[in-house]
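Listed below, chain by chain, are the residues.
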Amino acid sequence: MLTARGLNQYYGGSHTLRSVDLDVEKGRCTALMGRNGVGKTTLLRCLMGVLPIASGSVEFAGHDIARLSPHRRAALGMTYVPQGREIFARLTVEENIFMGMACLPARQARRVSGEIYELFPVLRDMLRRRGGDLSGGQQQQLAIARALVANPRLIILDEPTEGIQPSIIKDIERVIRLLRDRGDIAILLCEQYFDFARALADRFVVLSRGEVVASGGAEQMDDDSVRRHLAV
Ligand SMILES: Nc1ncnc2c1ncn2[C@@H]1O[C@H](COP(=O)(O)OP(=O)(O)OP(=O)(O)O)[C@@H](O)[C@H]1O
Ligand SMILES: [Mg+2]
């Protein structure tokens, strides 16, 4: 579904992504892992088009998207749940969800499918609350809901468990597993919480200082060679 080859990116003089290759398949969850500051968010922002790349290629569902704007990528079926959630604090829960449909043709963007409230029942009870009044975990659920109403073919999640209480982490894990098992969506999950990534990933990629230093199938995730790059 998504193929990136030889991605390079710089912040001024610092070489933040170094020839990164990445594949994300339909019906599979790929975990992107690595310590703080290795370039995970930078990579996701480059894939989504929020940051330009210096060189390399990015293809999504057969389209060359390397130079497309983020909203064009969204219209092709890519969606992004940013680190820190970036909920619109002054909009209601319902308005936040509607924002997720901004990339859809007007005809499709009028109704929120009830499925979203089956996945996240708590949101139905809070439709009129302001986003900023929700707990961190509820905001994370809202951010995922906002991404899913766009009917994505690829969902990119940046550290969805960061700062979230364990009971809600379980709910989020259940939703991601359900999406994966549905088989029609590709999932790129950036995560530092190893057990969470381990529970969901079919494949993994480890970044260190902007470089891919390990990758493979889920069965290799427990290897010392992988853990060495993740332990603080
Ligand atoms: N806008 C920016 N301008 C300059 N440098 C930046 C910018 N954003 C990030 N960096 C630097 O680029 C490197 C990679 O940052 P990035 O946020 O991609 O890491 P990360 O792996 O997502 O970290 P974390 O796990 O803490 O979220 C870090 O050294 C960071 O300080
Ligand atoms: Mg990050």
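Description of the structure in this document. Computed from a predicted structure; not experimentally measured.

1. Thoughts on the overall build of the protein chain
Each helix and strand in the protein chain was counted, giving nine helices and 10 strands. A compact globule built from 232 residues would reach a C-alpha radius of gyration of about 17 Å, and the protein chain, at 17 Å, matches this within 12%. In terms of overall dimensions, the protein chain has a C-alpha envelope of 45 × 35 × 35 Å along the principal axes. For the protein chain, the residues scored as buried account for 51% of the 232 residues in total.

2. Describing the pattern of salt bridges
Counted by the stated rule, this structure contains 13 salt bridges. Here Glu-25 makes a salt bridge to Arg-28, at a shortest N to O gap of 3.8 Å. A salt bridge links Glu-159 to Lys-40; the shortest N-O distance between them is 3.9 Å. Note that Glu-159 is positioned in the loop between β7 (154-158) and α7 (166-182) and Lys-40 in helix α1 (residues 40-48), a separation of 119 residues in sequence. By relative accessible area, which is 6% here, Lys-40 ends up buried.

3. Examining the environment of Ser-225
For Ser-225, the position within the fold is in helix α9 (residues 224-227). Spatially, the C-alpha atoms of Ser-225 and Ile-65 are 33 Å apart, while their sequence positions differ by 160 residues.

4. Side note on the pairing of strand β4 (residues 55-60)
For strand β1 (residues 2-11) and β4, the ladder comprises five bridges, and the chain directions are antiparallel. Bridged to Asn-8 within β4 is Ser-55. Pairing geometry for β4 and strand β5 (residues 63-64), over two bridges, is antiparallel. Residue pairing for β5: Phe-60 is matched across the bridge by His-63. Here β4 folds back onto β5 in antiparallel fashion, the turn holding two residues, of which Ala-61 has a positive phi close to 45°.

5. Some words on the sheet that holds strand β2 (residues 14-24)
Consider a sheet: its strands pair through backbone hydrogen bonds, and that pairing is either parallel or antiparallel. On the basis of which strands lie adjacent, the open sheet formed by four strands has the order β2-β1-β4-β5 and antiparallel pairing. Every interior strand has two partners, whereas the edge strands, β2 and β5, have only one.

6. Concerning the site of ligand 1
Residues in contact with ligand 1 amount to 13 residues; listed here are only the nearest, Gly-37, Lys-40, Thr-41, Thr-42 and Gln-192. Tyr-11 is positioned with one of its side-chain polar atoms (N or O) 3.4 Å from a nitrogen atom of ligand 1. Interatomic distance of 2.7 Å between a side-chain N/O atom of Lys-40 and an oxygen atom of ligand 1. Considered on its own, ligand 1 offers 640 Å² of accessible surface; in the complex 57% of this is hidden by protein.

7. A closer look at the coordination of the magnesium ion (ligand 2)
The textbook angles at a metal center are 109.5 degrees for a tetrahedron of four donors and 90 or 180 degrees for an octahedron of six. Surrounding the magnesium ion (ligand 2) are the protein donor atoms Thr-41 (OG1) and Gln-83 (OE1), which sit 1.9 to 2.2 Å from the metal. Of the two residues, Thr-41 is situated in helix α1 and Gln-83 in the loop between β6 (78-81) and α3 (93-99); the sequence distance between them amounts to 42 residues. For Thr-41, a relative accessible area of 24% gives the class partly exposed. Residue Gln-83 is classed as partly exposed on the basis of its relative accessible area, which comes to 26%.

8. Examining helix α6 (residues 136-148)
With 13 residues, α6 ought to run about 18 Å at 1.5 Å a step, and its terminal C-alpha atoms sit 18 Å apart, in line with that. The element α6 is largely enclosed, with a buried count of 12 among its 13 residues. When α6 is considered as a whole, its buried residues turn out to be Gly-137, Gln-138, Gln-139, Gln-140, Gln-141, Leu-142, Ala-143, Ile-144, Ala-145, Arg-146, Ala-147 and Leu-148. For α6, the secondary structure elements touched by its buried residues are β6, α3, α4 (115-119), α5 (121-124), β7 and α7.

9. What about the packing of α6 against α7?
α7 packs onto α6 with a crossing angle of 15° between their chain directions and a minimal axis gap of 10 Å. With respect to their mutual orientation, α6 and α7 come out roughly parallel. Crossing of α6 over α7 shows left-handed handedness. Residues Gly-137, Gln-138, Gln-140, Gln-141, Ile-144 and Leu-148 of α6 lie in contact with α7, whose contacting residues are Ile-168, Asp-171, Ile-172 and Leu-179. Residue composition of the contact of α6 with α7, grouped by class: five nonpolar, four polar and one charged.

10. Comments concerning α1
In terms of burial, α1 is largely enclosed, as seven of its nine residues are buried. For α1, the complete set of buried residues consists of Lys-40, Thr-42, Leu-43, Leu-44, Cys-46, Leu-47 and Met-48. Two residues or fewer after α1 comes Gly-49, characterised by a positive phi angle close to 90°.

Cut-offs applied
Residues numbered from 1 in each chain as written. Chains lettered and ligands numbered in written order. Predicted model: local features only at pLDDT ≥ 70, side-chain atom pairs only at ≥ 80, totals over all residues. Heavy atoms only, no water. Helix = DSSP H or I, 4+ residues; strand = E, 2+ residues; numbered from the N terminus. Rg over C-alpha atoms; globule rule 2.2 N^0.38 Å. Buried < 20%, exposed > 50% of the residue type's maximum accessible area, 1.4 Å probe, protein only. Salt bridge = Lys/Arg side-chain N within 4 Å of Asp/Glu carboxyl O. Pairing = 2+ DSSP bridges. Near = heavy atom within 4 Å. Polar contact = N/O pair within 3.5 Å; in protein donor to acceptor, adjacent residues only side chain to side chain. Areas by Shrake-Rupley, 256 points an atom, 1.4 Å probe, with all protein chains shown as cover. Donors = N, O, S within 2.8 Å, 3.2 Å for Na, K, Ca; no water. Expected span 1.5 Å × (residues − 1). Contact = heavy atoms within 4.5 Å. Axes fitted to C-alpha atoms, helices over the stretch in contact; angles between N-to-C directions. Parallel < 35°, antiparallel > 145°, perpendicular 65-115°, else oblique. Left-handed = near helix turned anticlockwise from the far one by under 90°. Nonpolar A, V, L, I, M, F, W, Y, C, P; charged D, E, K, R; others polar.

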